[in-house]
Structures are given as C-alpha cells and as structure tokens.
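Residues per chain, in single letters:
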Amino acid sequence: MTLGRFEYHAPQSIPQAVQLLTQLGPDARVMAGGTDLLVKMRHHVVHPSAIVAIKGIPGLDRIEVDRDHGLTIGAAALLADVATHPQIQALYPAVSGAAQTTANVQVRNMGTVVGNLCNASPAADNAPSLLALEAQVEIQGPRGVRHLPLAAFFKGPGQTALAVDEIVTAVKAPPPRPASAGVYLSLSARGQLDCSAVGVGVVLALENQVCVHARIVIGACAPTPIRVPQAEALLEGRRWHSQTIEQAAGIAASLAQPIDDLRASARYRHRMITVLAQRALVQAGQSAAKK
Amino acid sequence: MKHHIRIQVNGDLHELAVDPWRTLNQVLREDLNLTGTKFGCGSGDCGACTVMVDDRSVSSCLTLAVAVDGKKVTTVEGLAPSGDRLHPIQEAFIANGAIQCGFCTPGMEISALHLLRCNPNPDERQIRSAIAGNLCRCTGYNKIVKAIAAAAQASPGMSEGDDTP
C-alpha cells in the first residue's frame, strides 16, 4: 500500500508551476489536496514521475464573493472553507451545499472544489451546481490565461479540456440573478461519503410566481454531468406549479443515460433522478419565492 | 531526492529528511514511533489515520510528509502528553464504554477534538456528521456519540486558541 516513487515540487507561483509542467512533460501531475491523486497512485491507476503541489502558492486559496462581481473560488480553496463560507451560503447555497456533501470532514479539510472538478468524475459533487450557475474555469498555461465554460471543460470520465502544461487556477460563477435560488441534492450508499449515485443541481429565478430562468444539471448519470435543456424549457416562462415541476423532473430523467455499476443500478438511478430533481426544484422554488 | 522538513509533533520539534513519496502516517508511525495513529484503508474512507495538522483534522495516509513542512501536528499521543492524566475526550470515551477493539479510537478522538474546537456545543446530528468519516467495525457508534456529547459537557472550553491539546 505504499506510493510509487516520484519527484516533488512545491512552486511558489503559478508561472513557476506552469514552467515546471512544461519542463517535466506529461508524466507530471498537478496536486492540490491530493485526496484523489494519491488514492489513484496507491491503487496503481496513475504513476506520475513528478508531483507539482500547488496548495502552498500564496493567494491560490482565495474565495471572493459578492452580489455584483459574482463568485471566485481559487484552486487551493478547501472544500471545508467553501462549505462554511457565510456569503457563499447566502448567495450560492447550491455551491456551499455541494461542498458540504462532498466526502467527509477529513477529506473536506484537505481537498479542494477545483480539484474535484479537475478530477472530472461524472459523479463529482461540485460540478452540477457550478454548471447550473454557468460557471467558468480560469486556466493558466505557457500561452497565458484563458477562460472556458465549465460545460466545455468536461470531456468524459476523467477527461478535461486541460492541456498537460496548464493549470486551473479558479472557478468563477457570474453574479446571482435577482430572486434566484439554487439547491444541490445527492444520493449515495453511505450517507454522502462515497461517490454519489445520483446528484442534481438546480438554479432558478421566479418573478411573480413565473419561472424566468431554470437550469437543471444531473451528475453521475452520463459520461459527464449533463444539463437537461428540454426540462428547463418546460419550466421557463410558465407559472411555478407542482404539475409542471413533476413533468420537468420526468423529462430530466428521460434525458440521462445512467449505467449499472457498483453504486446503483441504471433503473434505480432513472427513478431517483425524477425524485431528486423534483425535490430540488421544489426546495429552490421555495427559496426563490422568498427573495 | 530527500526533502528536509521541520514539523512540530505534539509540541516536540522534529527535523527530518524524508522521501517525497512517504506519507505523514508512515513518518509518524515508522520514524517517530507514534503508533497510536493507525493505518486503515489508505484512501481517506475509514478515518483510523486521522491527525490534526495545524487546526484541521486530516487523513495522515493521504498527506505527504513533505507537505507538512513547518506545520504543527497533533496525534492521539498529544491528547495526553503526560502519559497519566487523560484528555477529557479520552475520559469520556472510557466512562461511556465507547472503546471496544480500539482501532478506530485514535481517529475518533481526533475527529471529536476537531469538532469540539469548531463547535463546543454540538447536537447529536452534528456529532454524527463529524465522525461520518470514521468507521467503527465493532459498531459502537451510539456509545461514541454519547461520549463526545459528554466530553462537550465536561470541557466546554476546547477553543482553537487553547494550546493544551
């Protein structure tokens, strides 16, 4: 159960880290919290020749949140700090809620939101809410800084749009819409500790009991977390009503392509998408109506 | 290449040369003979290896020793540094019969310490979620939850600034 041998680098700036990645080539891995990477190494899934640890880079753990500028979560910001951040809880409850339901206390004290995204598990708990918020990732590489919609970042299980010499430095969500609310709900065998069998993130805005904006994203039921635009379209422009919510949840389930695996059967997943989507929509609707 | 690190473990400063692939768990158990901290699953699921690094509880099996350079580590041995007087959490575990085989106990106690420092008056739900990452295969959770509640009552001042662990 020991780890294979590797070189360890702890650069003090992003340009230094990028330079190291360029020099070290494709066998090097970026490490933030290490809670995914070290487990994969221990299970001999990956064998990096070098680790570039970015957690100690000053300022990379930044969390900036306000109503006018939106949300920025730096690559080294811990899941625990995002989960308990009072302003994130107030303005982006789906984001803090998802961080809180990721793994356990110890892992939240080590792991990061951005690391969870970069690991690109279809079941990544922090992906659905950030996708529903139309978040972007900030990427730095030898060619400078670029921004990519999170939806274009996920390419498949464990696959992202990141080049080997690039680092995700932050994930950013736009300012919250007026009278909007979000919720993330997930199901897994062992409370919320192990990987989710189903996760649903929703963000919606209501005006005079009419839904003016809806985003629904399902995790763990396709090769990447997926948006379900047909379900959103059914809600948008219509009066907020339990029957429409039920129909939208049903459509969401019909658009997912869950598989049978050790965490749940495809059939169970199908049924639970409907249940979770309905619950998430009802809860988000109640919060949005209060705003 | 070995890396030179300085870590403070239970108040004692250690200077060590470590290979980068060695975990904090290995260094504590094999180099410093602090075998109170256990090695369980190796993947952050069981909590048997839980220690405090600065003010946070972490899995020592998923923490590289090289990454804790300059930090303070508290292990279960640090709960009762004198070796005779036990920490209120440990007293509460004994008084409530919260120990059976003992393998999960060091991790449970460190998780309890982290909880009580963050939240001196936890309710039962908060206690259960605080130890959700600590498995007890003797299935003694009820007594462990009771013990942590009793420790909170017995010792309300386990604040973060408190230097006695």
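So, how was this worked out
- Residues numbered from 1 in each chain as written.
- Chains lettered and ligands numbered in written order.
- Predicted model: local features only at pLDDT ≥ 70, side-chain atom pairs only at ≥ 80, totals over all residues.
- Heavy atoms only, no water.
- Helix = DSSP H or I, 4+ residues; strand = E, 2+ residues; numbered from the N terminus.
- Buried < 20%, exposed > 50% of the residue type's maximum accessible area, 1.4 Å probe, protein only.
- Contact = heavy atoms within 4.5 Å.
- Lys, Arg positive; Asp, Glu negative; His and termini not counted.
- Charge placed at Lys NZ, Arg CZ, Asp CG, Glu CD.
- Core = buried A, V, L, I, M, F, W, Y, C linked by side-chain atoms within 4.5 Å.
- Pairing = 2+ DSSP bridges.
- Axes fitted to C-alpha atoms, helices over the stretch in contact; angles between N-to-C directions.
- Buried area = accessible area lost by both parts, 1.4 Å probe.
- Salt bridge = Lys/Arg side-chain N within 4 Å of Asp/Glu carboxyl O.
- Nonpolar A, V, L, I, M, F, W, Y, C, P; charged D, E, K, R; others polar.
- Disulfide = S-S within 2.5 Å.
- Expected span 1.5 Å × (residues − 1).
- Parallel < 35°, antiparallel > 145°, perpendicular 65-115°, else oblique.
- Left-handed = near helix turned anticlockwise from the far one by under 90°.

A. Focus on the overall build of chain A. Along its length, chain A carries 12 helices and 14 strands. With respect to the three principal axes, the spread of C-alpha positions in chain A is 60 × 45 × 30 Å. Within chain A, the fraction of its 291 residues that count as buried is 57%. Within chain A, contacts between residues separated by at least 24 positions form 59% of all contacts whose residues are at least 6 apart in sequence. One way to put it: in chain A the 25 positive side-chain charges average out to a point 5 Å from where the 20 negative ones average out.

B. Region of interest: the nonpolar core. Residues and elements named next belong to chain A. By size, the foremost hydrophobic cluster in this structure holds 49 residues, and its most contacted members are Ile54, Tyr92, Val95, Leu150 and Val171. By residue number, the principal contributor to this core is helix α1 (residues 14-24), which donates five residues. Among all residues touching Ile54, those that are not within four sequence positions of it are Ala17, Val30, Met31, Ala32, Leu60, Ala75, Ala76 and Ile167. With 36 residues, the next largest nonpolar core counts Ala214, Ala222, Met272 and Ala288 among its residues.

C. The arrangement of the sheet that holds strand β1 (residues 7-9) of chain A in detail. Residues and elements named next belong to chain A. Sheet architecture is open: three strands sit in the order β1-β3-β2, paired in parallel fashion. With partners counted over all chains shown, the strands left at the sheet margins are β1 and β2 (28-31), one partner each. With strand direction ignored, the average angle separating the axes of adjacent strands in the sheet is 20°. Bridging between β2 and strand β3 (residues 50-53) involves four bridges; their strand directions are parallel. When the sheet's bridge partners are listed, Met31 is paired in β3 with Ala53. In this fold α1 packs onto β1, β2 and β3, with an angle of close to 170° to the strand it touches most, β3.

D. Local environment of the interface of chain A and chain B. The interface is formed by 26 residues belonging to chain A together with 31 residues belonging to chain B. Carbon and sulfur atoms supply 59% of the area buried between chain A and chain B, which totals about 2300 Å² over both sides. If you look at where chain A meets chain B, you find one salt bridge. The shortest N-O distance in the salt bridge between Arg56(B) and Asp81(A) comes to 2.9 Å. Secondary structure elements with two or more residues in the side of chain A that touches chain B: α2 (37-42), α3 (79-83) and α6 (105-110) of chain A. Of the residues forming the side of chain A that touches chain B, the biggest block, five residues, is contributed by α6(A). Looking at side-chain class alone, the side of chain A that touches chain B contains 14 nonpolar, eight polar and four charged residues.

E. Molecular detail of unusual backbone geometry. The phi dihedral of Asn208(A) is positive, around 45°, even though this residue is not glycine. By secondary structure assignment, the location of Asn208(A) is in the loop between β12 (198-207) and β13 (210-219). The phi angle at Asn33(B) is positive, at roughly 55°, despite the residue not being glycine. Here Asn33(B) shows up in the loop between α1 (24-31) and β3 (50-53). Accessibility expressed as a relative area gives 59% for Asn33(B), which makes it exposed.

F. Local environment of the state of the cysteines. All names here are of chain B. Summed over the entire model, instances satisfying the criterion amount to zero disulfides over all chains. Of all cysteine sulfurs in the structure, the one in Cys61 sits closest to Cys49, which takes part in no disulfide; the separation is 3.7 Å. For Cys49, a relative accessible area of 2% gives the class buried. The thiol of Cys136 is not disulfide-bonded; the next cysteine sulfur, from Cys104, is found 4.1 Å away. We classify Cys136 as buried; its relative accessible area is 4%.

G. Representation of the pattern of salt bridges in the model. All names here are of chain A. Inspection of the entire model under this criterion finds 16 salt bridges over all chains. The salt bridge partner of Arg215 is Glu232, with a shortest N-O separation of 3.6 Å. One end of the pair, Arg215, is in strand β13; the other, Glu232, is in helix α10 (residues 229-235), with 17 residues separating them in the sequence. The residues Arg215 and Glu232 share a single accessibility class, namely buried. A single network of salt bridges, built from pairs that share partners, joins Glu134, Arg215, Arg227, Glu232 and Glu236.

H. Region of the structure containing helix α12 (residues 266-289) of chain A. Compared with the 34 Å implied by 1.5 Å per residue over 24 residues, the 34 Å span of α12(A) between its first and last C-alpha is a close match. In the core, the buried residues of α12(A) are packed alongside β11 (180-187), β12, β13, α10 and α11 (242-255) of chain A.

I. Summary view of the packing of helix α3 (residues 105-118) of chain B against helix α5 (residues 141-154) of chain B. Residue and element names in this part refer to chain B. Taken N-terminus to C-terminus, the directions of α3 and α5 make an angle of 40°; their axes are 11 Å apart at the nearest point. The pairing of α3 with α5 is recorded here as oblique in orientation. Helix-helix and strand crossings are classified by hand; for α3 and α5 the assignment is right-handed. Within the contact between the two elements, α3 uses Met108, Ala112, Leu115 and Leu116 and α5 uses Tyr141, Ile144, Ile148, Ala151 and Ala152. Residues belonging to the contact of α3 with α5 are distributed by class as follows: nine nonpolar, no polar and no charged.

Functional significance is not addressed by these values, which are geometric in nature.
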